[in-house]
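# Structure at a glance
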Amino acid sequence: MTEAPNDRRCRGRPQLRPDDETRQLIFEAARHEFAAGGYAATNIEAVARRAGVSTKTLYRLIPNKAALFEGMVSDRLDRFLSDVNLRAGDHDDIEEALRAALMACADLALDTEVVALQRIVLQETGNFPEIAATYYRNGIQRTGVALAVWLRLQVKRGLIELDDVDEAAGMLLGMVASAPQRAAIYGGVPLPSRRQIEARVRTCAKLFLRGCRRQGRDGKVK
């Protein structure tokens, strides 16, 4: 049976994947490789294999390992920031809205692989100081800015009162994530379960709002 010309064309050159999609695959593969082996032990060839791309393609899109680490951290944060922005207008009740925003922060900060990356930063910062700067700039700092933007919106809505929004964002992040992170990284304590994180977020939101929820003229909280 003779193949039609269209059939022969379909079996020819494979469809090209967009570069943005390929980068996503590479960053996801890099996240696993960095978390499993550390920064120094991770090599480009292993990342390319896990991503299912050639080393040549990886180098075309990402020039070196430092750029790969920076891009991977930025990609993770971009997804987080998108999630926070989507949740910002989901709830009219400020306590429910704050819990949703803090859960988004906790999902990032207490993610198993994110905590593993923090271990890498601590272990490798003496030999590779640039990765600590990258993690702080693209991870810790951007997370605080995202939460500060969210809090600033609630101030404009008249739901809370804060003297220093940026400082408050740092305090909130510390309440939610710092103790469990330190326990996991330094003490080998398992990360909290989803139920434990939700309980912690509820407590943090309630404590925080006791101090900053705006009161109406009748003295009642809004």
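These notes cover the structure that comes with them.

Procedures and definitions
- Residues numbered from 1 in each chain as written.
- Predicted model: local features only at pLDDT ≥ 70, side-chain atom pairs only at ≥ 80, totals over all residues.
- Heavy atoms only, no water.
- Helix = DSSP H or I, 4+ residues; strand = E, 2+ residues; numbered from the N terminus.
- Buried < 20%, exposed > 50% of the residue type's maximum accessible area, 1.4 Å probe, protein only.
- Contact = heavy atoms within 4.5 Å.
- Areas by Shrake-Rupley, 256 points an atom, 1.4 Å probe, with all protein chains shown as cover.
- 1 Å grid on protein atoms, 1.4 Å probe; cavity = no way out; pocket = protein on both sides within 12 Å on 5 of 7 lines; lining within 4 Å.
- Points joined across faces, edges and corners; volume = space filled by probe spheres on them.
- Nonpolar A, V, L, I, M, F, W, Y, C, P; charged D, E, K, R; others polar.
- Expected span 1.5 Å × (residues − 1).
- Bend = angle between axes of the 7 residues up to and from the residue.
- Phe/Tyr/Trp six-rings, centres within 6.5 Å; stacked < 30°, edge-to-face > 60°.
- Axes fitted to C-alpha atoms, helices over the stretch in contact; angles between N-to-C directions.
- Left-handed = near helix turned anticlockwise from the far one by under 90°.
- Core = buried A, V, L, I, M, F, W, Y, C linked by side-chain atoms within 4.5 Å.
- Parallel < 35°, antiparallel > 145°, perpendicular 65-115°, else oblique.
- Polar contact = N/O pair within 3.5 Å; in protein donor to acceptor, adjacent residues only side chain to side chain.

## Some remarks on the overall build of the protein chain
When you go through the protein chain residue by residue, the secondary structure sums to ten helices and zero strands. Each helix and strand of the protein chain, ordered N terminal to C terminal, gives the series α-α-α-α-α-α-α-α-α-α. Considering the protein chain as a whole, with its 222 residues, one finds that 41% of them fall into the buried category. Counting contacts in the protein chain only where the partners sit at least 6 residues apart, residues at least 24 apart contribute 71% of the total. By element, 50% of the accessible surface of the protein chain is carried by carbon and sulfur atoms, the whole surface being about 12,900 Å².

## Some remarks on the layout of surface pockets
The space that makes up the largest pocket amounts to roughly 570 Å³. Around the largest pocket, the lining is made up of 30 residues, and of these Gln118, Tyr135, Gly139, Ile140 and Gln181 lie nearest the centre. At the level of secondary structure, the elements contributing two or more residues to the lining of the largest pocket comprise helix H5 (65-87), helix H6 (94-109), helix H7 (112-124), helix H8 (129-156) and helix H9 (165-187). Each residue belonging to the lining of the largest pocket can be placed in one class, and the counts come to 19 nonpolar, nine polar and two charged.

## So, H8
The end-to-end C-alpha separation of H8 is 39 Å, in line with the 40 Å expected for 28 residues at 1.5 Å each. Of all the bends in H8, the greatest, near 35°, is centred on Tyr136. Count one or two residues on from H8 and you reach Gly158, which has phi positive near 80°.

## Let's talk about the packing of aromatic side chains
Between two aromatic rings, the relevant description is the distance of the centres plus the angle of the planes. Within the structure shown, the criterion is met by four aromatic pairs. On the numbers, 5.2 Å between centres and 85° between planes, the contact of Phe34 with Phe69 is edge-to-face. Taken as a pair, Phe34 in helix H2 (residues 19-37) and Phe69 in helix H5 lie far apart in primary sequence, 35 residues in all. You'll find Phe34 and Phe69 in the same group, each marked buried.

## A look at the packing of H7 against H8
Helices that pack against each other are described as a pair by the angle of their axes relative to one another and the distance between those axes. At a minimum axis distance of 8 Å, the contact between H7 and H8 shows a crossing angle of 140°. The interaxial crossing formed by H7 with H8 has left-handed handedness. Contacts between H7 and H8 pair Val114, Leu117, Gln118, Ile120, Val121 and Glu124 from the former with Ile131, Ala132 and Tyr135 from the latter. Its residues placed into classes, the contact of H7 with H8 shows seven nonpolar, one polar and one charged.

## Brief notes about the nonpolar core
Formed by 60 residues in total, the largest nonpolar core has its most connected members in Ile26, Phe34, Leu68, Phe69, Leu102 and Leu151. Contacts of Leu68, omitting those with residues within four sequence positions, involve Ile26, Phe27, Ala30, Phe34, Ile44, Val47 and Ile62.

## What to know about the packing of H9 against helix H10 (residues 194-212)
Put simply, H9 and H10 touch, their axes get as near as 11 Å, and they point 150° apart. The angle between H9 and H10 places the two elements in the roughly antiparallel class. Between H9 and H10 lies a crossing of right-handed hand. Of H10, the residues touching H9 (which contributes Ala168, Leu172, Met175, Val176, Ala179 and Pro180) are Arg200, Val201, Cys204, Leu207 and Phe208.

## Topic: the environment of Arg214
Mapped onto the fold, Arg214 is located in the segment after H10. Sequence spacing of Arg214 and Glu161 is 53 residues, and the spatial spacing of their C-alpha atoms is 5.6 Å.

## Observations regarding the side chain of Gln154
Secondary-structure assignment places Gln154 in helix H8. At 2.8 Å, the side chain of Gln154 forms a polar contact with the side chain of Arg157.

## Remarks on the side chain of Asn138
Of note, Asn138 is situated in helix H8. For Asn138, the side chain forms a polar contact with the side chain of Ser74, separated by 2.9 Å. In this structure Asn138 touches Glu70, Val73, Ser74 and Leu77, once residues within four positions along its chain are discounted.

## Quick word on H6
Here H6 contains 16 residues, and its C-alpha end-to-end distance of 22 Å stays within 8% of the 22 Å for a straight helix at 1.5 Å per residue. Counting buried positions over the 16 residues of H6 gives 13, a clear majority of the element. For H6, the side-chain oxygen to backbone nitrogen distance between the N-cap and Glu95 is 3.2 Å, and the N-cap itself is Asp93.

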